[in-house]
Structures are given as structure tokens and as C-alpha cells.
Amino acid sequence: MSNVVAIVGRPNVGKSTLFNRLIEERKAIMDDQSGVTRDRHYGMAEWNGRPFTVIDTGGYVHGSEDVFESAIRSQVQIAVDEASILIFMVDCETGLTDLDKDFANVLRSTKKPIFIAANKADNQERALMANEFYELGLPVDIYPVSSVSGSGTGELLDELVKKLPSENPEDDGQLPKISILGRPNVGKSSFVNALLGTERSIVTDIAGTTRDSINSRYKMYGKDFLLIDTAGIRKKSKVHEDVEFYSVMRSIKALEESDVCIVMVDATRGFESQDMSIIALAHKYKKGVVMMVNKWDTVEKNTSTADEWKKSIYEKLGEMTYIPIIFTSVLTKQRVFQAIELAMSAYDNLHKKISTSKLNDALLPDIEKYPPPSVKGKYIRIKYITQLPTKTPAIAFFCNLPQYIKKPYERYLENKLRSHFDFSGVPLQIFFRKK
Ligand code: GDP
Ligand code: GDP
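Residues numbered from 1 in each chain as written. Chains lettered and ligands numbered in written order. Predicted model: local features only at pLDDT ≥ 70, side-chain atom pairs only at ≥ 80, totals over all residues. Heavy atoms only, no water.

Concerning the pattern of salt bridges
Within this structure, the stated rule accounts for 13 salt bridges. Of the charged contacts in the structure, one is a salt bridge between Arg 250 and Glu 82, with a shortest N-O distance of 3.9 Å. Of the two residues, Arg 250 sits in helix α8 (residues 243-257) while Glu 82 sits in helix α2 (residues 68-82), which places them 168 residues apart along the sequence. The same class applies to Arg 250 as to Glu 82, namely buried. Note that Glu 414 is salt-bridged to Arg 418, the shortest N-O span being 3.0 Å. Placement of the pair is Glu 414 and Arg 418 together in helix α13 (residues 407-420), with a separation of four residues, close to one helical turn. By relative accessible area, which is 10% here, Glu 414 ends up buried. A cluster of three or more residues bridged by salt bridges with shared partners is formed by Glu 82, Arg 250 and Lys 253. (Salt bridge = Lys/Arg side-chain N within 4 Å of Asp/Glu carboxyl O. Helix = DSSP H or I, 4+ residues; strand = E, 2+ residues; numbered from the N terminus. Buried < 20%, exposed > 50% of the residue type's maximum accessible area, 1.4 Å probe, protein only.)

Listed below in C-alpha cells is the structure:
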């Protein structure tokens, strides 16, 4: 089950303000200079230990209020169909408008949980205005909130996370689940067809956990996995402008369901902000990631072209240099199976367990050679290293003064870890703990 929460509502009610508050991504994990994180409209949030993905639907409608009938209407419908929970935002400052009623009419059809966030309830007086929105006739609670100050949002989130689909532990530990993600036209369907065409090894079609995602089971060179397919989405979306929004919704759900994501990038367009957004989300969810730069046949190349591309993409990826990049042509079937192999090894790395003695043997000499810099005359001593029993790799360094270890040293340790052990394609969590 997916955990997508969509914020819907007319323009200027404060959707993106709430969105930014929920994902708290101003101090972004990514390199700000790269400029590719700017137009992010979805991201991971967490409340009471429950992660979920928030999507600011406003980011996908361009134009003013008078576009409701076409763009907004179909977009709200997509949000209603594809999200698990809806936050319907209205504005206490302006009060109830006709456009709010239009939204309510679309929302009335769904049985999914809806939370009305009556925003800009910055003070008592405004908060009282929120009652006006009962006139919308939706049989749901209204939460006066102030997205700017954050007041009221805690109450809303307390109730919202109770409605998230419960995690299904039985779902785990079965076949590796690999999703193929990427913008419309990057070559996802062609990729799936190429896999199907050359290997007649497809076992079954299993209807996915979500209504229209198809999980196909593959057996390929002795490897057994489920492919979570977002390829068919274009046919489903009738309105042209919504392809992007619809594909984003579907991609997020496929991402949440999968262990490893193959993110396809279009070599004819280069690495784009949308590609960065999906990778950033995968990173937050601690998924394995492989980047597949497709349509490589269209690029005029010399011997250093691939290296130049890699260098430029890694600069944009910031810390996420653990993501392997492969250059493919689905058209000529160049390196198509290597992409699957990389995804499978990312899956193995995601579940890799390294013993404490191996970690100590490998890393303690590195630490001795280059110990953490002392702080205020105090020496920091790392005594031993152990992998924590978490679902995805997390390494704990036990030391006397964990609070004094700074980011650059953490980076040093991560690089060393990765040079000793293959964690290609997977994020590593590093903790410093007091013995
Ligand atoms: P969106 O179009 O729905 O995404 O709306 P924005 O998030 O861009 O906000 C529209 C305007 O409302 C901006 O000027 C915000 O600063 C303002 N705004 C958002 N939340 C609040 C709030 O809680 N109180 C007040 N007074 N203004 C807010
Ligand atoms: P999707 O929307 O991501 O499923 O993309 P499609 O698989 O439908 O591909 C979109 C277009 O790109 C089609 O015309 C494909 O033939 C073309 N295409 C896909 N892969 C490649 C490739 O590796 N090289 C070239 N030149 N074209 C490709």
C-alpha cells in the first residue's frame, strides 16, 4: 500500500507553505548550488515515526483560478484516485469561495480520508472563521491551521497518520521488487518490452497491491524478481497536461512499493530536476537506486563522453555518489541486462550484513591513521564498529564523545566503508554512539 498524501485546494490558500513545513527540506540534503532541487513538489514527511509522501498538487497546475474546469478539475480527480489521503486546504482569510465548492464537489465522490485544513488561522478570530467551511457539506473534520507558524498542524497530523495504511510486515522478505521510474517518454515501456522480448521467462502477471500497477515476475539468468511497472500510464491519462502529474503519482507509489528503483534519465534531455526529485525521494526512503541514462545511442560520443556525463551528474547528486550510473540504449539493447544486474546487486547490498570483527579489522586501521580531530583539547576515540540490525544498512561507531564528530569526518568514514565493502546503489546510515 502506498502512503501518498495529496494537498489539494485552489491557488494561494497556502498549499506549498504547508508542504514545505511538512517535508522540512529547506536545509536540503542536496547540493543547493546545483539548482536541481528548487521545483520540488513532493517529498517524504514523517510524523510520530510514520513516514509518508506529501505531494503539493498546486505545483502541477499552471495558470490562474479560471483554469478550474480543465486543468484543476482533472488534476484533483487524479489526486483523488491515486492518493491514499487528501488534505483539502481552504483559506480562513478569504473565507469560502465558489472554487472551494467546486473542489468539494469533486472530493465528495471519494471514500478516502479527507482532512480539511482551514489555513491562515493565525489567531483566535481567524480560527473561528474555520467553522464557515462546514458549509461545504463534507462529512469530515475541519482543522484550523497556520502553515506559516505551524500552529494546529500537529493536531491535523496526529489524526492523519492514524489513517495511513498499516504496514504489512508479511510483504517483506519475498522476491526483490524493482521499479522502473522516469519521466514520460524516457523509454520505460520499451525497456520492459526489451526484457520481455529476449527472455521468455515471465512467470505470471500479478495484480499489484495498487489497483492498476502490474507486478510482473521475472526469472532471468537465475535471478527471480518482481518488476513494478509504471509504463502503461500514458494510456490511462486522457488529458494531455496531466501526463506529468499522473506519472509523478504513479512513480511515487511504485517507489514506495519497491526495494530498488531503476531511475531512467533521457540522454536527449540530460539530467533534469524531475529526475533529481525522484532520486531524492528514493534516498529518503532508503531504497536502492540505479541510474540508467537511456537513449545513449543518440549521443555523439568520444572515449571520454561517459566519464564527463558521470562527473556532471555526480556533481548534481551531491552526497548520493553511491548511485551507479549505466548508459543504455533500449533501442539497440545495449547494456539493458546490466541495468537489471546492477539493480539486483543493489538489492543484495541493501541486505548485506557485515560482522563486527570484519568492520573493526577494516576500519580501525583507517581511524588510527586519520583519527577524528580533537575538539577543545578533547580526544575522540572510536572503540569499535558494528552494523545495527536494521532493515537497510546502518553502521554504528561507538566512541567516547559522539557529539563531537563532524560531518566531514562522517564522510571520511562513509567513503572508507564503501571502499572496503560493496554498498553500491544503497544509502548508508552512520551513527555515533556512546559505549
Ligand atoms: P498555494 O498557491 O496554495 O501553494 O499557496 P502558497 O503556499 O504559495 O501561499 C500563498 C500565500 O499565502 C503566500 O503569500 C503565503 O505566505 C501565504 N500564507 C500561507 N500560509 C499562511 C498562513 O498560515 N497564514 C498567513 N497569514 N498567510 C499564509
Ligand atoms: P515511456 O513513456 O517511458 O514508457 O517511453 P517509451 O518506451 O514509450 O519510449 C518513448 C520513445 O522513446 C519511443 O519512441 C521509443 O522508441 C523511444 N526510445 C526508447 N528507448 C530508446 C533508446 O534507447 N534510444 C532511442 N533512440 N529511442 C528510444
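Next comes the rest of the write-up.
Digging into the sheet that holds strand β6 (residues 142-144)
On the basis of which strands lie adjacent, the open sheet formed by six strands has the order β2-β3-β1-β4-β5-β6 and mixed pairing. With one partner strand each, in any of the chains shown, β2 (42-47) and β6 form the two edges of the open sheet. The sheet shows a mean angle of 30° between the axes of neighbouring strands, taken without regard to direction. By the bridge criterion, six bridges tie strand β4 (residues 85-91) to strand β5 (residues 114-119) in an arrangement that is parallel. Considered in β5, the bridge of Asp 91 is made with Asn 119. The sheet contacts of helix α1 (residues 15-23) involve β1 (4-8), β2, β3 (50-56) and β4, and relative to β3 the element is tilted by about 155°. In the packing of helix α9 (residues 273-284) onto the sheet, contacts are made with β2 and β3, and the angle to β2 comes to roughly 20°. (Pairing = 2+ DSSP bridges. Axes fitted to C-alpha atoms, helices over the stretch in contact; angles between N-to-C directions. Contact = heavy atoms within 4.5 Å.)

Looking at the packing of aromatic side chains
For the coordinates displayed, the defined rule picks out 10 aromatic pairs. If you follow Lys 352 out to its NZ or CZ, it ends over the ring of Phe 423, 5.7 Å from the centre. In this structure, Arg 433 packs its charged tip against the face of Phe 431, placed 5.4 Å from the ring centre. (Phe/Tyr/Trp six-rings, centres within 6.5 Å; stacked < 30°, edge-to-face > 60°. Lys NZ or Arg CZ within 6 Å of the ring centre and 35° of its normal.)

Quick look at the nonpolar core
In terms of nonpolar packing, the biggest core is built from 65 residues, with Ile 55, Leu 86, Phe 88, Ile 279, Met 291, Val 293 and Leu 317 touching the most fellow members. By residue number, the principal contributor to this core is α8, which donates seven residues. Not counting the four nearest positions on each side in its chain, Ile 279 is found in contact with Val 263, Phe 271, Val 289, Met 291, Leu 317, Met 320 and Ile 323. (Core = buried A, V, L, I, M, F, W, Y, C linked by side-chain atoms within 4.5 Å.)

Thoughts on the site of ligand 2
Neighbouring residues of ligand 2: 16 residues in total, closest Asn 185, Lys 188, Ser 189, Ser 190 and Asp 297. Between Lys 188 and ligand 2, the recorded distance is 2.8 Å, taken from a backbone N or O atom to an oxygen atom. In this structure, an oxygen atom belonging to ligand 2 sits 2.9 Å away from a main-chain N or O atom of Val 330. Burial of ligand 2 by the protein amounts to 77% of the accessible area it has alone, namely 580 Å². Top element by residues in the shell around ligand 2 is helix α6 (residues 188-198). It accounts for three residues. For the shell around ligand 2, the per-class residue count stands at four nonpolar, seven polar and five charged. (Near = heavy atom within 4 Å. Polar contact = N/O pair within 3.5 Å; in protein donor to acceptor, adjacent residues only side chain to side chain. Areas by Shrake-Rupley, 256 points an atom, 1.4 Å probe, with all protein chains shown as cover. Nonpolar A, V, L, I, M, F, W, Y, C, P; charged D, E, K, R; others polar.)

Some remarks on the site of ligand 1
Inspection of the region around ligand 1 gives 14 residues, with Asn 12, Lys 15, Ser 16, Thr 17 and Asp 122 positioned closest. At a separation of 3.0 Å, an oxygen atom of ligand 1 approaches a polar backbone atom of Gly 14. Between ligand 1 and Asn 119 there is a distance of 3.1 Å, counted from a nitrogen atom to a side-chain nitrogen or oxygen. Burial of ligand 1 by the protein amounts to 69% of the accessible area it has alone, namely 580 Å². Broken down by element, the residue count for the shell around ligand 1 peaks at three residues, all from α1. Grouping the amino acids of the shell around ligand 1 by side-chain chemistry returns three nonpolar, seven polar and four charged.

Here we look at α1
Turning to α1, its buried residues number three or more, namely Lys 15, Leu 18, Phe 19, Leu 22 and Ile 23. Burial along α1 is one-sided: seen end-on, the buried residues are contained in an arc of 120°. Elements in contact with the buried residues of α1: β1, β2, β3, β4, α5 (153-162) and α9. Positive backbone phi, approximately 40°, marks Glu 24, located one or two places after α1. (Arc of directions from axis to C-beta.)

Here we look at the packing of helix α12 (residues 356-369) against α13
Direction vectors running N to C along α12 and α13 enclose 135°, while the axes themselves pass 10 Å from each other. Compared by their axis directions, α12 and α13 come out oblique. Seen along the crossing, α12 lies across α13 with a hand that is right-handed. On α13, the residues touching Leu 359, Ala 362, Leu 363, Asp 366 and Ile 367 of α12 are Tyr 409, Tyr 412, Leu 413, Lys 416, Leu 417 and His 420. Here the contact of α12 with α13 is composed, by residue class, of eight nonpolar, one polar and two charged. (Parallel < 35°, antiparallel > 145°, perpendicular 65-115°, else oblique. Left-handed = near helix turned anticlockwise from the far one by under 90°.)

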